[in-house]
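Coordinates in review
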Amino acid sequence: MASSELTYRGQQAAAADGAHGPAESKPRTRQQLPQPLRYVLGEQRLVFSLVGMALATLVFLLLSPSTTTTTSSSSSVAHLAAVGLVSRQYHAGNPNFEMIRHDVVEPILLEVDQIYHLACPASPVHYKFNPVKTIKTNVVGTLNMLGLAKRVGARFLLTSTSEVYGDPLQHPQVETYWGNVNPIGVRSCYDEGKRTAETLTMDYHRGANLEVRIARIFNTYGPRMCIDDGRVVSNFVAQALRKEPLTVYGDGKQTRSFQYVSDLVEGLMKLMEGEHVGPFNLGNPGEFTMLELAKVVQDTIDPNARIEFRANTADDPHKRKPDITKAKELLGWEPKVALRNGLPLMVQDFRTRIFGDQKQQQPDGSE
Ligand SMILES: O=C(O)[C@H]1O[C@H](OP(=O)(O)OP(=O)(O)OC[C@H]2O[C@@H](n3ccc(=O)[nH]c3=O)[C@H](O)[C@@H]2O)[C@H](O)[C@@H](O)[C@@H]1O
């Protein structure tokens, strides 16, 4: 790295100390400054994400005259068009925005103050498609991001998942619950990958004194979600709009808790800016069976939409509902958008993209 232009804070100090081990690492000068001062100095946020609605919304809300946001994506040809879309549509010409194409499985060196590490496919269809790549992204990718955070003294936020609870034997799920996960199943690349990512994050926190934050995200939906994402809300909405039957897997009695994307992003930002490591459940405690969700979609889009039952996938969790007491008390966060209010915003956006209506929406759902 001697000739690279990409230098990092603390590099010289570390070299002078001969410091390589966690206990000797002291690269955190800027993080120790009061937050308002860091903003004045022009704090840099780095958002690593496979492109999706959370990225679009997060970047949209993070961008302000005093912040520079660099986004990057786990490289996937299929998603590059979406990267371009996000940047062109909302941030073209914004000097505070820079996009870098990069796969987090490869190391990278950048000068940043905060890292939002969202990079990983989150839809079961997508994460099961190439499971080895998924677990690599979660393990090697997270190691690379933690290594970067350590070198430059950045605060690191891991977006983990409610899937760390597996098929839970405790309901609702509290952060202290250790979960019921199949280590060799088809979902393990994601479940166990994220569990390992949490372990790595805590080991860097304890061993290298890194400032870390962990969010466990529950099923999230909203505008700008990929139409072919494969998760249940986007499937039902696209199917109802196209007059196709709603595909309910299994008996449809399994439950999920659906969170609107702007609630999630607000939670992530509060977590990043707050003083608590977590893990924190970020989800909407409203719990629905898939048949109840289908009814909400019918009520919102088409009361005549048919339901078609399909075989369920292996290891599908029977129920999920976050206990968000900890996030309420320590972050002052709770979701504001109920499913019946959030769904119409998503429907409007899907209608635009499927049928080509001209009305454009911002990633936060406003027009
Ligand atoms: O809830 C979560 O915390 C997690 O949500 C998803 O996992 P999952 O809820 O299983 O994802 P979906 O594909 O939306 O499935 C939800 C339920 O709907 C069912 N489903 C899915 C698709 C469909 O067309 N029809 C249908 O009935 C599934 O069998 C499952 O029971 C994501 O994998 C995770 O990123 C996220 O953390």
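Residues numbered from 1 in each chain as written. Predicted model: local features only at pLDDT ≥ 70, side-chain atom pairs only at ≥ 80, totals over all residues. Heavy atoms only, no water.

1. Structural notes on the overall build of the protein
- Across its full length, the protein holds 12 helices and 13 strands.
- Buried residues in the protein amount to 55% of all 367 residues.
- Taking all contacts inside the protein whose residues are at least 6 apart in sequence as the whole, residues at least 24 apart take part in 82%.
- Total accessible area on the protein is roughly 15,900 Å²; 55% of this is exposed by carbon and sulfur atoms. (Helix = DSSP H or I, 4+ residues; strand = E, 2+ residues; numbered from the N terminus. Buried < 20%, exposed > 50% of the residue type's maximum accessible area, 1.4 Å probe, protein only. Contact = heavy atoms within 4.5 Å. Areas by Shrake-Rupley, 256 points an atom, 1.4 Å probe, with all protein chains shown as cover.)

2. Topic: unusual backbone geometry
- Along the chain, histidine 171 connects to proline 172 via a cis peptide bond; the corresponding omega equals -10 degrees.
- Checked against the element boundaries, proline 172 lands in the loop between strand S5 (155–161) and helix H7 (188–208).
- Its identity as a non-glycine residue notwithstanding, arginine 224 has a phi of 75 degrees, on the positive side.
- Along the polypeptide, arginine 224 turns up in the loop between strand S7 (220–221) and helix H8 (232–241).

3. A word on the pattern of salt bridges
- Tallied over the full model, the rule gives 20 salt bridges.
- Note that aspartate 103 and lysine 133 form a salt bridge whose closest N and O atoms lie 2.5 Å from each other. Placement of aspartate 103 in the loop between strand S3 (97–101) and strand S4 (114–118) and of lysine 133 in helix H6 (residues 131–152) is noted, with a sequence separation of 30 residues between them.
- Among the charged side chains, a network of salt bridges with common partners joins Glu163, Arg187, Arg256, Asp316 and Arg320. (Salt bridge = Lys/Arg side-chain N within 4 Å of Asp/Glu carboxyl O.)

4. Describing helix H10 (residues 290–300)
- Turning to H10, its buried residues are Met290, Leu293, Ala294, Val296, Val297 and Gln298.
- Elements in contact with the buried residues of H10: H8, strand S8 (246–249), strand S9 (255–257), strand S12 (287–289), strand S13 (307–310) and helix H12 (339–355).

5. Quick look at the site of the ligand
- In the region of the ligand, 25 residues are neighbours, and Thr161, Ser162, Thr247, Arg256 and Asp316 sit closest.
- Glutamate 163 places a polar side-chain atom, nitrogen or oxygen, 2.7 Å from an oxygen atom of the ligand.
- In the environment of the ligand, an oxygen atom lies 2.8 Å from a nitrogen or oxygen atom belonging to the side chain of asparagine 235.
- Starting from 690 Å² of accessible surface for the ligand in isolation, the protein chains cover 97%.
- Residue assignment for the shell around the ligand shows that the elements contributing at least two residues are helix H5 (124–129), H8 and S8.
- Considering only residue class, the shell around the ligand consists of 11 nonpolar, eight polar and six charged. (Near = heavy atom within 4 Å. Polar contact = N/O pair within 3.5 Å; in protein donor to acceptor, adjacent residues only side chain to side chain. Nonpolar A, V, L, I, M, F, W, Y, C, P; charged D, E, K, R; others polar.)

6. What to know about the packing of aromatic side chains
- Overall, the coordinates contain five aromatic pairs when judged by the stated rule.
- Ring geometry for tyrosine 165 versus phenylalanine 218: centroids 6.4 Å apart, planes at 40 degrees, classification tilted. Of the two residues, tyrosine 165 sits in the loop between S5 and H7 while phenylalanine 218 sits in the loop between strand S6 (212–217) and S7, which places them 53 residues apart along the sequence.
- Owing to a relative accessible area of 0%, tyrosine 165 belongs among the buried residues under this scheme.
- Judged by centre distance (5.6 Å) and plane angle (65 degrees), the rings of tyrosine 221 and tyrosine 260 are edge-to-face. Within this pair, whereas tyrosine 221 is found in strand S7, its partner tyrosine 260 is found in strand S10 (residues 259–260), the two being separated by 39 residues in sequence. (Phe/Tyr/Trp six-rings, centres within 6.5 Å; stacked < 30°, edge-to-face > 60°.)

7. Some points on the confidence of the model for the protein
- Looking at the protein as a whole, the pLDDT averages 82, with 72% of positions reaching at least 70.
- Below pLDDT 50 for its whole length, residues 1–28 participates in 36 contacts with residues either more than four positions away or in separate chains.
- Within the model, pLDDT remains below 50 along residues 65–85, and this stretch shows 65 contacts once partners closer than five positions in the same chain are excluded.
- ipTM for the predicted complex: 0.97, alongside a pTM of 0.84. (pLDDT = per-residue confidence, 0-100.)

8. Details of the nonpolar core
- Counting residues in hydrophobic clusters, the biggest one holds 45 residues, and the most contacted among them are Tyr221, Val233, Val237, Leu293 and Leu343.
- Top element by residues in this core is H8. It accounts for seven residues.
- Leave out the neighbours within four places in its chain, and valine 237 touches Val297, Ile301, Leu343, Met346, Val347 and Phe350.
- Counting residues in hydrophobic clusters, the runner-up holds 25 residues, among them Ile115, Ala149, Ala197 and Ala208. (Core = buried A, V, L, I, M, F, W, Y, C linked by side-chain atoms within 4.5 Å.)

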